[in-house]
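Commentary on secondary and tertiary structure
Each chain, written out:
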Amino acid sequence: MNQENKGSNADLLNRREILKGLATIPVLGLFFIKLWQKLRLDKLKKSNLLQDLISDNKAPSIIKEIGNSDHLRVGVVGYGGRGGHLTRGLGFATPGWTSSASERAKKNKLDKAFETFMSQTDLNCSLVGVCDLFDVRAELGIEASKNEVRSGGKAKETAVRYKHYTDLVTSKDIDAVIIATPDHWHSRVAIAAAKAGKHVYCEKGLTRTFDETIELYDTVKETGITFQLGHQNRQVEAYEQAKKIINQGLLGPVNLVQLTTNRNSPGGAWVWGIDPKGNSKTIDWETFQEPSPNKIPFGEEALRRFFRWRCWYDYGTGLSGDLFSHDFDQINQIMGLGIPKYASSSGGIYYYKDGRDVPDVWNATLEYPDKDLTVLYSATLSSLNSRGNRIMGHDATMQIGGESNSGALGGFIVKADPYSTRYKDRIEKGVINSKYPIYSYAPGSKQIDGITSATSQYFANKGLLYTYRDGKRVDSTHLHVKDWLDSIRSKTLPTCNIEEALHEGVTCHMATESYLQGRRIEWDPVNRILI
Amino acid sequence: MKIDLMKNDTYSESQLTGLVILRILIGWHFLYEGISKIINPYWSSAAYLLDSKWVLSSLAKSIVANSTILGFTDFINMWGLTLVGLSLLLGIFSRYGALFGMGFVLLYYLFAPPFIGLEYSRPGEGSYMLVNKNLIEAFALYVLYLFPSSQFIGLDRLILSSELNSLGDK
């Protein structure tokens with residue numbers, strides 16, 4: 001009896017021991033119940049809008065290999081800053097660039113420019129011709145063609161210099177031409193190249209005038225060459241994702257789109273450096289100004305115009321061809337808008353009173369009555385208050401760039417509208433909160449890059465410097481050049497082909513003409529004229 | 001004699017209750033911080049590290065620059081926080097848990113201390129001057145290390161008693 005009592009006491013003690021040992025387990029149980037509830041709520045929130053898209057979150061694969069990979073011989077007309085970037089996309093950087101980029105990478109481990117360049121796909125081509133009206137730049141182009149610091153190693157052929165573009169585009173040693181001259185030369189070079197049967201990659205803005213746009217369009221159609229306009233945003237995976245969201249109508253009816261440009265530095269306002277080696281002997285000024293309406297003799301003013309050409313309507317169209325063209329093409333890529341019926345614009349030279357004749361604050365309105373849509377573009381070169389681009393729907397708004405980035409490059413967010421019809425029930429139930437994004441796209445969010453200058457940051461936020469493929473950083477210019485070469489080889493249409501180029505060219509010129517003429521411009525698609 | 005180790009004559013009932021509650025709360029916090037990182041495929045310590053200021057900022061930047069080391073750091077954070085959380089919550093090896101946990105939050109503090117003149121791009125969730133919640137949590141964990149409670153309430157109690165039993169059997 002006594003023994004039994006002792007035994008049950010020991011049991012009791014033991015049980016108490018065990019209970020004290022396991023006392024906090026119920027808290028863990030509660031933790032997992034709460035965790036499960038939270039995960040279920042998170043999932044519900046996501047599934048309400050874009051579940052299909054989220055499951056389709058993977059980036060498109062970077063390399064679609066083309067079977068017929070003939071070696072292509074490329075010539076470049078205009079080897080300035082942009083020409084240099086484009087040929088880097090082709091796989092040819094100057095020795096100066098590769099050594100300074102690798103130095104930068106050593107000093108700043110976050111500077112990935114060199115690594116990105118060296119890991120580019122070898123495009124199986126050579127840079128065989130360079131034409132530039134400034135000797136210094138032309139020589140740099142030749143050097144780049146010989147530089148063996150590149151992903152493919154030594155190139156099959158190297159470049160020779162052509163004094164005049166007509167010699168380059170008609171040369172039998174050249175298959176395809178990259179045009180990165182100032183805008184007033186685009187159509188002449190492109191038309192001559194197309195007539196000589198060369199494929200053309202032309203920088204934006206497409207042309208300097210409306211008439212040139214139509215002429216270039218017709219020539220490309222007649223000759224059947226492969227034409228790519230230089231809007232590398234076409235390669236940005238975020239915009240393809242955005243397109244899916246728009247196509248599914250998840251924003252509801254969209255009546256207003258707001259596009260913006262914000263810059264606030266001399267470099268961003270085209271006050272570029274004047275090369276000390278630039279003089280009447282090294283620059284062919286007469287050829288440079290030949291297509292422009294107003295001519296001046298060579299001198300200090302001419303040097304300024306040569307190196308800062310975007311500031312004058314003689315050589316380009318200012319904000320319209322340089323930056324509005326990018327934003328318009330981005331929205332045209334996402335929404336497939338085409339050419340508007342009406343365009344009007346206004347602005348002025350309010351900050352950079354440095355002798356330029358293009359406005360530094362400029363706003364344009366595009367009307368699409370058949371789509372019930374207005375597109376508003378607003379640009380300033382004297383404030384960095386980054387507003388981003390917004391596609392404003394009745395049910396939700398998509399914000400691209402600007403504040404939506406939160407550190408990621410070329411990302412976007414979608415927020416439901418508090419008065420949305422489509423999401424009314426879910427907003428009332430509290431499943432959707434219009435304060436927080438219902439979808440956010442941050443490509444390469446696990447990747448960090450050290451992009452330093454304000455202008456670089458501006459371009460990066462617009463997806464114009466880098467994009468991501470499978471989470472890896474790739475230069476979008478490289479992808480865009482590659483897309484062009486792939487299309488030449490496979491005889492298919494590149495992503496920013498002549499039809500897209502026509503939309504960009506005509507729309508930009510409608511807006512430019514409105515500013516210059518001080519009235520609303522209408523597009524007559526039948527007669528292909530501006531009224 | 002050894003049985004006395006587990007006899008609670010160190011703390012009063014309410015002292016022990018207070019210590020166990022503090023341990024459970026901090027454990028819960030660590031466990032959720034860890035698990036939320038594990039289940040978020042986009043989580044990375046990179047953004048936090050890049051915003052690092054003061055003496056550890058260059059170390060932070062070299063971690064981010066090397067994707068292998070960054071991946072390792074992410075792994076240690078995700079699973080380290082989870083294990084510390086479980087250790088404190090369940091009361092298993094809790095003294096070590098408290099010590100490791102203190103190490104984690106002290107590092108978070110040192111990578112981004114709220115010193116006067118240091119500006120961070122990520123918004124803080126409170127107002128801090130020198131002292132922030134990381135520092136407080138670190139020293140709360142130090143208290144838990146100095147005043148262990150898992151041998152009274154927690155799995156450590158069972159481990160200890162089975163060890164003692166096997167000693168007794170011998």
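Just so it is clear, the structure is predicted and the values come from calculations on it, not from any experiment.

1. Observations regarding the sheet that holds strand E17 (residues 521-524) of chain A
Residues and elements named next belong to chain A. Ordered in space as E14-E13-E12-E11-E7-E10-E9-E8-E17-E18, the ten strands form an open sheet in which the pairing is mixed. Two strands in the sheet have a free side with no partner beyond their single neighbour: strand E14 (437-441) and strand E18 (529-530). Across two bridges, the pairing between strand E8 (residues 342-348) and E17 is antiparallel. Bridge pairing links alanine 343 to isoleucine 521 in E17. Against the sheet, helix H14 (residues 319-335) engages strand E7 (254-262), strand E9 (361-368), strand E10 (373-380), strand E11 (389-393) and strand E12 (396-400), with an angle of about 145° to E7. Contacts from helix H18 (residues 498-517) reach E8, E9, E17 and E18 within the one sheet, and its direction differs from that of E8 by about 55°.

2. Some remarks on the packing of helix H11 (residues 237-247) of chain A against H14 of chain A
Residues and elements named next belong to chain A. Contact geometry of H11 with H14 gives a least axis separation of 8 Å together with a crossing angle of 50°. By the angle between their directions, the pair H11 and H14 is classed as oblique. Residues Tyr239, Glu240, Ala242, Lys243 and Ile246 of H11 form the contact with H14, whose own contacting residues are Gln330, Gln333, Ile334 and Met335. Partitioning the contact of H11 with H14 into residue classes produces five nonpolar, two polar and two charged.

3. Brief notes about unusual backbone geometry
Residue and element names in this part refer to chain A. Going from lysine 204 to glycine 205, the amide bond is cis rather than trans, its omega being -15°. Topologically, glycine 205 is positioned in the loop between strand E5 (199-203) and helix H10 (210-223). The backbone of asparagine 124 shows a phi angle near 55°, a positive value even though the residue is not glycine. Its place among the elements puts asparagine 124 in the loop between helix H6 (113-118) and strand E2 (125-131). Take asparagine 124: its relative accessible area is 23%, and that puts it in the partly exposed class.

4. Re a nonpolar patch on the surface
Residue and element names in this part refer to chain B. Taken together, the side chains of Ile116, Met129, Leu130, Val131 and Ile136 make up a nonpolar region of the molecular surface, amounting to roughly 520 Å² of accessible area. Within the secondary structure, valine 131 is located in the loop between helix H6 (94-111) and helix H7 (133-146). Looking at valine 131, the relative accessible area reads 44%, which means it is partly exposed.

5. Overview of the sheet that holds strand E4 (residues 176-179) of chain A
Residue and element names in this part refer to chain A. If you walk across this open sheet you meet the six strands as E3-E2-E1-E4-E5-E6, and the pairing is parallel. Each end of this open sheet is capped by a strand with a single partner; those strands are strand E3 (160-161) and strand E6 (227-230). When E2 meets E3, the two strands line up parallel, connected through two bridges. Opposite valine 130, over in E3, you have arginine 161 as the bridge partner. Strands in contact with helix H9 (residues 183-195) are strand E1 (72-77), E4 and E5; relative to E5, the strand with the most contacts, it is inclined by about 170°. Relative to the sheet, helix H17 (residues 476-490) contacts E1, E2, E4, E5 and E6, its axis offset from that of E5 by approximately 160°.

6. As for the pairing of E9 of chain A
All names here are of chain A. Sheet topology note: the E8/E9 ladder contains seven bridges and is antiparallel. Its bridge partner being in E9, serine 344 is matched across the sheet by threonine 365. For E9 and E10, the ladder comprises eight bridges, and the chain directions are antiparallel. The residue bridging glutamate 367 from the neighbouring strand is threonine 374, located in E10. Between E9 and E10, which pair antiparallel in sequence order, lie four residues; one of them, aspartate 372, sits at a positive phi of approximately 50°.

Cut-offs and rules
- Residues numbered from 1 in each chain as written.
- Chains lettered and ligands numbered in written order.
- Predicted model: local features only at pLDDT ≥ 70, side-chain atom pairs only at ≥ 80, totals over all residues.
- Heavy atoms only, no water.
- Pairing = 2+ DSSP bridges.
- Helix = DSSP H or I, 4+ residues; strand = E, 2+ residues; numbered from the N terminus.
- Contact = heavy atoms within 4.5 Å.
- Axes fitted to C-alpha atoms, helices over the stretch in contact; angles between N-to-C directions.
- Parallel < 35°, antiparallel > 145°, perpendicular 65-115°, else oblique.
- Nonpolar A, V, L, I, M, F, W, Y, C, P; charged D, E, K, R; others polar.
- Buried < 20%, exposed > 50% of the residue type's maximum accessible area, 1.4 Å probe, protein only.
- Patch = residues over 30% accessible without salt bridge, like charges linked within 9 Å, V, L, I, M, F, W, Y side chains within 5 Å.
- Areas by Shrake-Rupley, 256 points an atom, 1.4 Å probe, with all protein chains shown as cover.
- Salt bridge = Lys/Arg side-chain N within 4 Å of Asp/Glu carboxyl O.

Scope: geometric values only; no functional claims are made or implied.
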